[in-house]
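Secondary and tertiary structure notes
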Amino acid sequence: MSAPKSEVVTLRINGRVVTVPEGTSVAAALGTGDALVSRADLSGRPRGPLCGMGVCFECRATVDGVPEVLTCLVPCREGQEVVTDA
Amino acid sequence: MREACDLVVVGAGPGGLAAACHAAEAGLSVLVLDPQSQPGGQVWRGEARKRENRLARRWLDRFAASGARFRPGARVVAAPEPGLLLVEEGTSSLAVRYGRAVLATGARERFLPFPGWTLPGVLGVSGLQVLVKDGLPVRGKRVVLAGTGPLLLAAAATLHRHGAEVLFIAEQAPAARHWGFALQLWRHPGKLLQGAALAASLVGIPTATDAWVVAAEGEARVERVRLSVRGHEETLPCDYLGAAYGLVPNLELAKLLGCEVASGAVVVDERLETRVKGVHAVGELLGIGGVDQALVTGELVGHVAAGKPVPTGLERSWRAVRTFADQLARHDAPREELRRLATPETLVCRCEDVPLQALDGCRDLREARLYARLGMGACQGRTCGAAAEVLFGWTGEDVRPPCLPARIGSLRLPSPPPHTRAS
């Protein structure tokens, strides 16, 4: 019935190599580290995704050189470079 | 880039898909726009790939075969004239000319500020559920959920299934209201089955009514949560907290197009046409009603768009789902205590970092925007706007273009079409 879930993709988050199942969103992949963090607020304190639905803009990060990408709307791709500012 | 279509559908959740299917099957050219990479909306998120939910599979397969075109990653940013939408797709722009429009933009969670709600690891209830469905690893993680209504249980079931240790479910509704609502579910057999299936998977998770989050605490991330449980305070160490209080419709596009909004919902006639001719609204935009309402209203408007008579069964079903929606709204209404959780230092606007004390003396949303920058950041008040309504009774202002942060190029009008319109 369900498709095999053996396929994985490998990306880099702040230089850290991360391997996740295919279909994982970039926002979800951020949570493979110590804390689910995507950006810093105006005082430099860490923030992470809130709504998961492209509404709150908390999950924005730089993806493949494009700044301010809503990572909860973007699937992980092979070789992707993700940079958070926190 | 440019596109033209008979019917543009904004939002590829169940409501949008049902409308698109009926219209496309009747031979209309249909274009469906959605910010996500796959159709399905929030409720069927990931189903295009996973194919676990039978109802979702049926509609997604039907949609794929319908002839409707789907544009993923598409966000409407402006509507400079009737029949024209300006859309951003990643780093490129698209102008869509349409004859008729169906707005199916769905809903988001209602967030209410409490101390610590900006810590990493504090998400919405459905927000956390969505991230887990999208691959956030939670096996062995300790999770507390706080909110209201059936979504709370749905999130708990998902988290439990993915191996999280759900420590506690805090339902804000008072016991009498909550159980009264639960009894009403007997009238809605589909909902009851869903509820029973959920309850079965939740065995062993402590749940309390009259319970809510007082504060989240931690250094660089949430480490523990303080709860008020039937008048007593409890502290639970945790890795994630999901906290949100029901849903509110995504009204920005409807407002941008000039549709009338009353009591937090788009005003429509029996054909689900808004006060703007040729623009229809379905699903959560009519008042939070869930998948059933989305499908019924989507099908209904699909018939209208296709010029077919609306089956009487559909109109009857809509009345039934409205009854459920009204009960849900009464159940989910945030209790008084939730309005008083924020301290003077607690941020209300998370984009511009506006604390509660900065709003002292502001009389309405306009003043709060002008003097304190509430709602002036990236999300344009989508999060703090709904909170301000509960906290201060301020209702949303008109939406001005662009309704989302956009590139300058996305706001450029396309060159006029080669043919001139008959006057």
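This part covers helix 3 (residues 54-66) of chain B. Residues and elements named next belong to chain B. When the terminal C-alpha atoms of helix 3 are compared, their 18 Å separation across 13 residues agrees well with the 18 Å that a helix rising 1.5 Å per residue should span. Those residues of helix 3 that sit buried are Ala-56, Trp-59, Leu-60, Phe-63 and Ser-66. For helix 3, the buried positions fall inside an angular range of 120° around the axis, keeping them on one side. Exposed residues lying more than 90 degrees from the buried face of helix 3 are Arg-54, Arg-58, Asp-61 and Ala-65. Close packing links the buried residues of helix 3 with helix 1 (14-25) and helix 2 (47-50). Backbone geometry just after helix 3 places Gly-67 at a positive phi near 95°.

Residue and element names in this part refer to chain B. In contact at an axis separation of 9 Å, helix 1 and helix 3 are set at 40° when each is read in the N-to-C sense. Classified by the angle between their axes, helix 1 and helix 3 sit oblique to one another. As for how helix 1 packs across helix 3, the hand of that crossing is left-handed. Here helix 1 contributes Pro-14, Leu-17, Ala-18, Ala-20, Cys-21, Ala-24 and Glu-25 to the contact with helix 3, which in turn contributes Trp-59, Arg-62, Phe-63 and Ser-66. Broken down by class, the residue content of the contact of helix 1 with helix 3 amounts to eight nonpolar, one polar and two charged.

Taken together, the contacts link 33 residues of chain A with 34 residues of chain B. Elements represented by at least two residues in the side of chain A that touches chain B include exactly strand 2 (16-21), helix 1 (26-30) and strand 4 (46-47) of chain A. In terms of residue count, the dominant contributor to the side of chain A that touches chain B is helix 1 of chain A (three residues). For the side of chain A that touches chain B, the class distribution of residues is 20 nonpolar, 10 polar and three charged.

This paragraph deals with the pairing of strand 5 (residues 84-89) of chain B. Residues and elements named next belong to chain B. With five bridges connecting them, strand 4 (residues 74-81) and strand 5 associate as antiparallel partners. Its bridge partner being in strand 5, Val-76 is matched across the sheet by Val-87. In this structure, strand 5 lies alongside strand 6 (residues 92-103), joined through six bridges in antiparallel fashion. Bridged to Glu-88 within strand 6 is Ser-93. Counting the residues that bridge the hairpin from strand 5 to strand 6 gives two residues, and of these Gly-90 lies at a positive phi of roughly 60°.

With that settled, the discussion passes to the domain arrangement of chain B. The domain boundaries assigned to chain B delineate domain 1 (2-108 + 248-310), domain 2 (111-245) and domain 3 (342-392). Measuring from the centre of the C-alpha atoms in domain 1 of chain B to the corresponding centre in domain 3 of chain B gives 30 Å.

Glancing now at the sheet that holds strand 6 (residues 66-70) of chain A. All names here are of chain A. The mixed open sheet is built from five strands, whose spatial order is 2-1-7-5-6. Two strands close off the open sheet at either side, each with one partner strand: strand 2 and strand 6. For this sheet, the mean angle separating the axes of adjacent strands, direction not counted, is 40°. Relative to strand 7 (residues 81-83), strand 5 (residues 60-63) runs antiparallel, the two sharing two bridges. Paired with Thr-62 across the strands is Val-83, a residue of strand 7.

Here we take up unusual backbone geometry. The amide bond that connects Pro-401 of chain B to the next residue, Pro-402 of chain B, takes the cis arrangement and shows omega of -10°. Looking at where Pro-402 of chain B falls in the secondary structure, it is placed in the segment after helix 12 (384-392). You will see that Glu-68 of chain A, though not glycine, has its phi angle at about 60°, which is positive. Examined against the element boundaries, Glu-68 of chain A turns out to sit in strand 6. Taking the number of C-beta atoms within 10 Å as the measure of exposure, Glu-68 of chain A has 12 and is therefore exposed. The phi dihedral of Asp-210 of chain B falls on the positive side, at around 50°, and the residue is not glycine. Following the sequence through the fold, Asp-210 of chain B ends up in the loop between strand 11 (207-208) and strand 12 (211-217).

Time to look at the nonpolar core. Residue and element names in this part refer to chain B. Ranked by internal contacts, the top residues of the largest apolar core, which has 162 residues, are Val-8, Ala-20, Val-30, Leu-145 and Val-213. Examining the composition of this core, we find that eight residues originate from one element, helix 9 (residues 290-305), more than from any other. The contact partners of Val-30, leaving out residues within four places of it in the chain, are Cys-5, Asp-6, Leu-7, Val-9, Ala-20, Ala-23, Ala-24, Ala-68 and Arg-69.

It is worth spelling out the sheet that holds strand 10 (residues 165-171) of chain B at this point. All names here are of chain B. One open sheet accounts for five strands, arranged 8-15-9-10-11; its pairing is parallel. Both edges of this open sheet fall to strand 8 (122-123) and strand 11, since each of them pairs with a single strand only. Lying on the sheet, helix 4 (residues 125-133) is in contact with strand 8, strand 9 (142-147) and strand 15 (240-243); it crosses strand 15 at an angle near 130°.

Attention now moves to helix 12 of chain B. Note on helix geometry: an α-helix contains 3.6 residues per turn, so any two residues three or four positions apart are oriented the same way. Residue and element names in this part refer to chain B. Every buried residue of helix 12 is accounted for by Cys-384, Gly-385, Ala-386, Ala-387, Ala-388 and Leu-391. Among the structural elements, strand 16 (247-249), strand 20 (347-349) and helix 11 (365-372) are those in contact with the buried residues of helix 12. Just downstream of helix 12, Gly-393 is the residue with a positive phi angle, here 75°.

Parameters and conventions
Residues numbered from 1 in each chain as written. Chains lettered and ligands numbered in written order. Predicted model: local features only at pLDDT ≥ 70, side-chain atom pairs only at ≥ 80, totals over all residues. Helix = DSSP H or I, 4+ residues; strand = E, 2+ residues; numbered from the N terminus. Expected span 1.5 Å × (residues − 1). Buried ≥ 20, exposed ≤ 12 C-beta atoms within 10 Å, placed from the backbone. Arc of directions from axis to C-beta. Contact = placed C-beta atoms within 7 Å. Axes fitted to C-alpha atoms, helices over the stretch in contact; angles between N-to-C directions. Parallel < 35°, antiparallel > 145°, perpendicular 65-115°, else oblique. Left-handed = near helix turned anticlockwise from the far one by under 90°. Nonpolar A, V, L, I, M, F, W, Y, C, P; charged D, E, K, R; others polar. Pairing = 2+ DSSP bridges. Domains from an automatic or database assignment. Core = buried A, V, L, I, M, F, W, Y, C linked by C-beta atoms within 7 Å.

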